[in-house]
Amino acid sequence: MGLRNVTADVALASAARAAGTHVSGPVAAAGAAADVLLTVHCTAVSGTTPTLDASLEESADGNSWTAIPGSSITQLTAAGSRTVYAAVTKNYVRVTSTVAGTTPSVTYRAAVWIRPE
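Residues numbered from 1 in each chain as written. Predicted model: local features only at pLDDT ≥ 70, side-chain atom pairs only at ≥ 80, totals over all residues. Heavy atoms only, no water.

A. Expanded view of the overall build of the chain. Secondary structure assignment for the chain yields zero helices and six strands. When the helices and strands of the chain are listed from N to C terminus, the series reads β-β-β-β-β-β. Scaling as 2.2 N^0.38, a compact globule of 117 residues should have a C-alpha radius of gyration of about 13 Å, and the chain matches this with 14 Å. For the C-alpha atoms alone, the extent of the chain along its principal axes is close to 50 × 30 × 20 Å. Residues classed as buried in the chain amount to 39% of the 117 residues present. In the chain, the proportion of contacts linking residues at least 24 apart, taken out of those at least 6 apart, comes to 82%. (Helix = DSSP H or I, 4+ residues; strand = E, 2+ residues; numbered from the N terminus. Rg over C-alpha atoms; globule rule 2.2 N^0.38 Å. Buried < 20%, exposed > 50% of the residue type's maximum accessible area, 1.4 Å probe, protein only. Contact = heavy atoms within 4.5 Å.)

Following this line, the structure appears as structure tokens:
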């Protein structure tokens, strides 16, 4: 068995983000995803008790999204990186992230690597 091609994309470009939920667009074309690796790299945090959570969601139609069990990173509260792997069963994948705290600013990017079926 040979190696398969893997595609990668920056789902959320590096930027300082305030409190709220930040969601990428779909990062896999219909039928393209089988295994997905999510990496989140945080370079700066400020505010009182800032936190960053991120995970993967999947969709059959690109409109209705559900969380992929076990795809959440360990929460970031300072600069650092996290990686998580997930097996997907639907056609589309996206990244959802949440910044929380009192007047937080968290600078981070999220990228995905997709191994096709």
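B. Quick look at a nonpolar patch on the surface. Residues V6, L37, Y85 and W113 make up a contiguous nonpolar surface patch of about 380 Å² in total accessible area. For W113, the location among the structural elements is in strand 6 (residues 92–115). For W113, a relative accessible area of 36% corresponds to the partly exposed category. (Patch = residues over 30% accessible without salt bridge, like charges linked within 9 Å, V, L, I, M, F, W, Y side chains within 5 Å. Areas by Shrake-Rupley, 256 points an atom, 1.4 Å probe, with all protein chains shown as cover. Salt bridge = Lys/Arg side-chain N within 4 Å of Asp/Glu carboxyl O.)

C. Summary view of the nonpolar core. Ranked by size, the top nonpolar core spans 25 residues in total, and within it V36, L38, V40, L56, V95, Y108 and V112 carry the most contacts. Secondary structure elements with two or more residues in this core: strand 1 (7–17), strand 3 (35–59), strand 5 (80–87) and strand 6. Per-element accounting of this core gives the leading share, eight residues, to strand 6. Leaving out residues up to four positions away in the same chain, L56 has contacts with V36, L38, A67, I68, S71, A86, V93, R94, V95 and V112. (Core = buried A, V, L, I, M, F, W, Y, C linked by side-chain atoms within 4.5 Å.)

D. Structural detail: the confidence of the model for the chain. This prediction gives the chain a mean pLDDT of 91; 95% of its residues lie at or above 70. Within the chain, the element-level pLDDT minimum falls on strand 1, averaging 93, and the maximum on strand 2 (residues 20–23), averaging 98. (pLDDT = per-residue confidence, 0-100.)

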